[in-house]
Amino acid sequence: MKSPWNILLVTPLFLLLPLRTSASPASDDSPNTRNPNGHTCLACVAVVSVIEQLAQVHNSTVETSMERLCSYLPEKLFLKTTCYLVIEMFGPDIIKLLSTDMNADVVCHTLKFCKQDPGQPLCHLYPLPKEPWKFTLEKARQIVKKSPALKYSRSSADICSLPFLAKICQKIKLAIKNSVPFKDVDSDKYSVFPTLRGYHWRGRDCNDSNKMAYPGRRPDNWDVREDSNCNGIWGVDPKDGIPYEKKFCEGSQPRGIILLGDSAGAHFHISPEWITASQMSLKSFINLPTALTNELNWPQISGATGFLDSISGIKENSIYLRLRKRNHCNHRDYQNISRNGASSQNLDRFIESLSRDPLLDHPAIIIYAMIGNDVCNGKADPVPEMTTPKKLYSSVMKTLKYLNSHLPNGSHVILYGLPNGTFLWDNLHNRYYPLGQLNKDVTYAHFYSFLNCLQVSPCHSWMSSNKTLRNLTSERAKQLSNTLKNIATSQKFTNFDLFYADFDFQEVTEEWQKRGGEPWQLIEPVDGFHPNEVALLLLADRLWKKVELHWPQVLGKENPFNPQIEQVFGDQGGH
């Protein structure tokens, strides 16, 4: 008999808070690189904490708070239904334990979602109980010792083991692994579907039954009869018989933007409302299905390729929107080839998802931005796993050679340096984590320690109380940035010129402070690691201004026909 845990719990709980996606190596399925038990424990503690705090905020019973949480979840992806099934199974035990003042750590260890292996430290998010841990745990186990839920296995949770879901799961896994759209009728790597690597990630296809029609290509016969490059400009001006594409775009030097990045470039984001009981409402989870089918990333509002209006309220736009404003012929020509866990060492596993034909397509601006995972991992001893300058040189050169054979002549490549991540600890460690704000009992220092203990941290070496380790990591990041700079200044390629740009987070922080902001407001509050939307847009602004000042040829001309394009084609079909 298959465990109901495998079938039920994985959907609402694992997908609700899968911090694991920010820490998992891209396409790396070797067992020594992941800690599924750690992720199970993290998810359990987070969800039980929310249940407990909802009861506190609304002065209700634990049972009512569980029902409240499920009622907030949307029906899409069966989230609401599955949640109710889960609380039917595990709810009675959670009620018993929380009603006797056991905290989330105790509950999850009692129900065996968390475990302490022999010789290993005890991992806990909250302060330890006043009574000895073993005594407290034994007391809790006695409370639920006859529970039928305890017989179900907590390991190998995989909803895709169900026969009727196996085929669809396989297709979704392949889409994510290969970084190509799940729905793509003509197999041109562009889609009319937003998520699952669709047009949130790369320009929307304008004809999904014709693989020769896609964003970024040079127009076919000046798009007299149809829009072959999806920029919304096609047909013939009846006044003079000149094709609109020829009239408005010829000589304007159209170009696209392509990001080769990691979870920061994809804009990894978990909404604080999802785990903050005092902010939770029916509206909190509206975007959860979209986020889950985008791997908890929000490329549609990212700093490089975002095309939707910012929800942060700042005036800065993405690189793509600036290119589009500069030349409306660039409409829809963006690709976000980013992966959670991506680094210089695994980019080769998904770089082939990049779509650019050296003969048929316009040139492109490629931003290579592997800003974290070459020095970040969740291992207990993270240093041996860091990329060395020698390995970085080898892998980047391999990437550049690949780009040289796949990019149209006249393209541009910008190598982006790594940040100094000591910023994280320095600005967050003594602030309260979202799960600790209600009772003032969990700081980011506690949260970081918990992740490190479970070996699921996205960056043990910077999210650590060990100052020596943090400084060592920043030194390695500096060495890798210097390696990128040396490559940019010493290497030449036939199809693109090469530049290097520092990751100017200190300058961005200073700019934010001038506007009255605090440095900690630039970091994602739930994972305590990634730059948030404000930071990404300010970084994009910084990079744009640097390119505009020093390498203006990268951006191309301002198109004098932009007003006419707007007059004839409006929003050019939107995004």
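Residues numbered from 1 in each chain as written. Predicted model: local features only at pLDDT ≥ 70, side-chain atom pairs only at ≥ 80, totals over all residues. Heavy atoms only, no water.

Q: In this structure, what is going on with the UniProt feature "domain: Saposin B-type" (unreviewed entry) in the protein chain? I would like to understand it.
A: Here the UniProt feature "domain: Saposin B-type" (unreviewed entry) sits at residues 37-118. Measuring from the first to the last C-alpha atom of residues 37-118 gives 14 Å, for a span that is 73% helix and 0% strand. (UniProt positions renumbered as here; feature names shortened; annotations may be inferred. Helix = DSSP H or I, 4+ residues; strand = E, 2+ residues; numbered from the N terminus.)

Q: I'm lost on the state of the cysteines in this one. Help?
A: A covalent bond between the sulfur atoms of two cysteines is what we call a disulfide. Scanning the model with the defined rule gives seven disulfides in all. Each sulfur in the disulfide pair cysteine 41 and cysteine 114 lies 1.9 Å from the other. Looking down the S-S bond of the cysteine 41 and cysteine 114 bridge, the torsion is 90°, so its handedness is right-handed. Here cysteine 114 lies in the loop between α6 (104-110) and α7 (133-143) and cysteine 41 lies in helix α3 (residues 36-57), a separation of 73 residues in the sequence. The exposure classification of cysteine 41 matches that of cysteine 114, with both residues buried. The partner cysteine of cysteine 206 in its disulfide is cysteine 230, sulfur to sulfur 2.1 Å. (Disulfide = S-S within 2.5 Å. Buried < 20%, exposed > 50% of the residue type's maximum accessible area, 1.4 Å probe, protein only.)

Q: Mind showing me how you'd approach the side chain of serine 355 here?
A: Locating serine 355 in the fold gives a position in the loop between β2 (334-338) and β3 (364-369). Residues in contact with serine 355, not counting those within four places in the same chain, are Asp188, Lys189, Tyr190, Arg202 and Gln335. (Contact = heavy atoms within 4.5 Å.)

Q: Sorry if this is basic, but what is going on with the environment of valine 396 here?
A: Structurally, valine 396 can be placed in helix α13 (residues 389-406). Owing to a relative accessible area of 0%, valine 396 belongs among the buried residues under this scheme. Distance in space between the C-alpha atoms of valine 396 and lysine 440 is 45 Å, their sequence separation being 44 residues. Ignoring any residue separated from it by four or fewer positions in sequence, one finds valine 396 in contact with Tyr368, Leu415, Leu484 and Ile487.

Q: Looking at this model, I keep getting lost on the pairing of strand β1 (residues 256-261). Mind explaining?
A: Regular strands place side chains that alternate from one sheet face to the opposite one. The element β1 is extensively covered by neighbouring structure, given that six of its six residues are classed as buried. Both faces of β1 are covered, namely the face carrying Gly256, Ile258 and Leu260 and the face carrying Ile257, Leu259 and Gly261. Direction of pairing for β1 relative to β2: parallel, over a ladder of five bridges. For leucine 260, the partnering residue across the bridge sits in β2 and is isoleucine 337. (Pairing = 2+ DSSP bridges.)

Q: Which parts of the structure should I look at to understand the pairing of strand β4 (residues 411-416)?
A: Burial analysis of β4 places six of its six residues in the buried class, which makes it a mostly covered element. Of the two faces of β4, the one lined by Ser411, Val413 and Leu415 and the one lined by His412, Ile414 and Tyr416 are each fully buried. Pairing between β3 and β4: four bridges, direction parallel. Paired with isoleucine 366 across the two strands is valine 413, which belongs to β4. As judged from the six bridges shared by β4 and strand β5 (residues 496-501), these two strands associate in the parallel manner. Within β5, the residue paired with serine 411 across the bridge is phenylalanine 496.

Q: So what exactly am I meant to see when it comes to the nonpolar core here?
A: Across soluble globular proteins, nonpolar side chains have a tendency to be buried as a group. The biggest cluster of nonpolar side chains holds 146 residues, and the ones touching the most others in it are Leu400, Leu403 and Leu415. By residue number, the principal contributor to this core is α3, which donates 10 residues. If you look at the next biggest cluster of nonpolar residues, it comprises seven residues, including Ile233, Cys249, Cys329 and Ile565. (Core = buried A, V, L, I, M, F, W, Y, C linked by side-chain atoms within 4.5 Å.)

Q: Would you explain the sheet that holds β5 in this entry?
A: Hydrogen bonds along the backbone pair up the strands of a sheet, which may run parallel or antiparallel. Taken in spatial order, the five strands make up an open sheet running β2-β1-β3-β4-β5, and their pairing is parallel. Of all strands in the sheet, those bounded by a partner on one side alone are β2 and β5. Across this sheet, the average inter-strand angle for adjacent strands is 15°, counted without regard to direction. Pairing geometry for β1 and β3, over six bridges, is parallel. Of the residues in β3, the one forming a bridge with glycine 261 is alanine 369. Along the sheet, helix α16 (residues 467-490) contacts β3, β4 and β5; its crossing angle with β5, the most-contacted strand, is approximately 150°. (Axes fitted to C-alpha atoms, helices over the stretch in contact; angles between N-to-C directions.)

Q: Honestly, the packing of aromatic side chains in this entry has me stumped. Any pointers?
A: Ring pairs (aromatic) are described by centroid distance and by the angle formed between their planes. Tallying each qualifying case throughout the model produces 18 aromatic pairs. Both rings, one in phenylalanine 423 and one in phenylalanine 505, keep their centres 4.8 Å apart while their planes meet at 85°; by these two values the pair is edge-to-face. A residue pair is termed long-range when its members are at least 10 positions apart, and phenylalanine 423 in helix α14 (residues 422-428) and phenylalanine 505 in helix α17 (residues 505-514) qualify at 82 residues. For the pair formed by phenylalanine 423 and phenylalanine 505, the shared burial category is buried. Clustering of aromatic rings is evident, with ring pairs tying together Trp425, Tyr433, Tyr444, Phe447 and Tyr448. (Phe/Tyr/Trp six-rings, centres within 6.5 Å; stacked < 30°, edge-to-face > 60°.)

Q: Help me understand the pattern of salt bridges in this model?
A: Opposite charge on two side chains allows them to pair when their charged atoms are near. Under the counting rule described, the total for this entry stands at 16 salt bridges. A salt bridge links glutamate 316 to lysine 315; its shortest N-O distance comes to 3.1 Å. Across the pair aspartate 504 and lysine 546 runs a salt bridge, and its minimum N-O distance is 3.4 Å. Of this pair, aspartate 504 sits in the loop between β5 and α17 while lysine 546 sits in helix α18 (residues 533-550), and the two are 42 residues apart along the sequence. Through salt bridges with shared partners, a single network forms among Lys315, Glu316, Glu511 and Arg515. (Salt bridge = Lys/Arg side-chain N within 4 Å of Asp/Glu carboxyl O.)

Q: Teacher, can you tell me more about α17 here?
A: Residue pairs three or four apart in sequence face the same way in an α-helix, which turns once every 3.6 residues. Among all positions in α17, only Phe505, Val508, Thr509 and Trp512 are buried. Along α17, the residues classed as buried sweep out an arc of 100° about the axis, all on the same side. Here the buried face of α17 lies against α14 and α18. Immediately beyond the C-terminal end of α17, within one or two residues, lies glycine 516, with a positive phi of roughly 95°. (Arc of directions from axis to C-beta.)

Q: So what exactly am I meant to see when it comes to the packing of α3 against helix α4 (residues 62-72) here?
A: Packed helices, taken two at a time, are described by the angle their axes make and the gap between the axes. Packing of α3 against α4 leaves a shortest axis separation of 8 Å and a crossing angle of 115°. The angle between the axes of α3 and α4 places the two elements in the roughly perpendicular class. The chirality of how α3 crosses α4 is right-handed. Between α3 and α4, the residues in contact are Val47, Val50, Ile51, Leu54 and Ala55 and Val62, Ser65, Met66, Arg68, Leu69 and Tyr72, respectively. Tallied by class, residues from the contact of α3 with α4 come to nine nonpolar, one polar and one charged. (Parallel < 35°, antiparallel > 145°, perpendicular 65-115°, else oblique. Left-handed = near helix turned anticlockwise from the far one by under 90°. Nonpolar A, V, L, I, M, F, W, Y, C, P; charged D, E, K, R; others polar.)

Q: How should I be thinking about the packing of α13 against α16 in this particular structure?
A: With their axes 10 Å apart at the nearest point, α13 and α16 run at an angle of 40° to one another. In terms of axis orientation, α13 runs oblique to α16. At the point where α13 passes α16, the crossing takes the right-handed sense. Here α13 contributes Pro389, Leu392, Tyr393, Val396, Met397 and Leu400 to the contact with α16, which in turn contributes Arg476, Gln479, Leu480, Thr483, Leu484 and Ile487.

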